[in-house]
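Letter by letter, the chains look like this.
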Amino acid sequence: MEIERCVTRLDKIWKSCNGFQDMGQIFSGWEKHDTEQFIVWTMENGKTGQYWQTLYEIVGYLYLTQQEYENALSLFQSLYDGDHRNTFTIRSLAGIHAKQGRMAAAHKLLRLLN
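Each chain has its residues counted from 1, running along the sequence as written. Local features in this predicted model are restricted to residues of pLDDT 70 or higher, and side-chain atom pairs are both shown and tallied only at a pLDDT of 80 or more, whereas totals for entire chains, interfaces and linings draw on every residue. Hydrogen atoms and water are omitted, and side-chain values are computed over all heavy atoms in the structure.

Looking at this model, I keep getting lost on helix α4 (residues 52–65). Mind explaining?
The periodicity of an α-helix, 3.6 residues per turn, causes residues three or four places apart in sequence to face the same way. Between the first and last C-alpha of α4 there are 20 Å, a value that for 14 residues agrees with the 20 Å anticipated at 1.5 Å per step. When accessible area is computed with a 1.4 Å probe and restricted to protein chains, residues below 20% of their type maximum are described as buried, those above 50% as exposed, and intermediate ones as partly exposed. Helix and strand labels come from DSSP, where a helix needs a run of H or I of at least four residues and a strand needs a run of E of at least two; each type is numbered from the N terminus. Extensive coverage of α4 is indicated by the burial of 12 of its 14 residues. Turning to α4, its buried residues are W52, T54, L55, Y56, E57, I58, V59, G60, Y61, L62, Y63 and L64. The criterion used for residue contact is that any of the two residues' heavy atoms lie within 4.5 Å. Those residues of α4 hidden inside the fold are in contact with α1 (2–15), α2 (20–26), α3 (32–45), α5 (69–81) and α6 (87–99). Positive backbone phi, approximately 60 degrees, marks Q67, located one or two places after α4. Take the residue count of a helix, subtract one, and multiply by 1.5 Å to get its expected span.

Dropping the structure here:
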């Protein structure tokens, strides 16, 4: 029950963020070990709860901050393919594609936001 309360609170905080700077403040005190534990827990348990999409967004964000683009791409693509196509997911996917030189794919995604 404690984990559910924490995840519910994290979901509310995450959804109140206005950009990467706000998102970064959530995790500013985390050590690498904390981040790794959160990622492992989410990947093992995340899809079983009602907030799995938020948890996947957060893990994708954490992968981006660690420049683990393939892992981030996998998560954001999973969200996108599951009809979770909010601005953050689309921009993150587009950014990863651009970073990896797939500009046509990046532009196609960004056009969805217009």
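Moving on from the model shown.
How should the packing of aromatic side chains be read in this particular structure?
Between two aromatic rings, the relevant description is the distance of the centres plus the angle of the planes. Classification of ring pairs rests on two measures: the distance between centres of Phe, Tyr or Trp rings, Trp counted by its six-membered ring, which must be within 6.5 Å, and the angle between planes, read as stacked under 30 degrees, edge-to-face over 60 and tilted in between. Applying the stated criterion across every chain, the model contains eight aromatic pairs. Seen in terms of ring centroids, W14 and F27 are 6.3 Å apart; in terms of plane orientation they differ by 55 degrees. Their pairing is tilted. One end of the pair, W14, is in helix α1; the other, F27, is in the loop between α2 and α3, and 13 residues separate them in sequence. Just as W14 is buried, F27 falls in that class too. An aromatic cluster of three or more residues is present, and its members are W14, F27, W30, F38, Y61, F76 and F88. For the cation-ring pair, R85 lies above Y80, with the distance from its terminal atom to the ring centre recorded as 4.0 Å. Sitting over a ring, as applied to charges here, requires NZ of Lys or CZ of Arg to be within 6 Å of the ring centre and within 35 degrees of the ring normal.

Just to check I follow, could you spell out the packing of α4 against α5 for this structure?
The axes of two packed helices give the description: the angle between them and the distance between them. What counts as an axis is a line fitted to C-alpha atoms, over the stretch in contact for a helix, and the angles between N-to-C directions run from 0 to 180 degrees. Put simply, α4 and α5 touch, their axes get as near as 8 Å, and they point 155 degrees apart. Taken together, α4 and α5 sit at an angle that is classed as roughly antiparallel. Handedness of the crossing formed by α4 with α5: left-handed. Facing α4, whose interface residues are W52, Q53, Y56, E57, V59, G60, Y61, Y63 and L64, α5 presents Y69, N71, A72, L75, F76, S78 and L79. In terms of residue class, the contact of α4 with α5 is made up of 11 nonpolar, four polar and one charged. Here is the rule for angles: anything less than 35 degrees is roughly parallel, anything more than 145 is roughly antiparallel, 65 through 115 is roughly perpendicular, and the remaining ranges are oblique. Handedness of each helix crossing follows the sense of rotation of the near helix against the far helix: counterclockwise by less than a right angle gives left-handed, clockwise gives right-handed. The classification used treats Ala, Val, Leu, Ile, Met, Phe, Trp, Tyr, Cys and Pro as nonpolar, Asp, Glu, Lys and Arg as charged, and all other residues, Gly among them, as polar.

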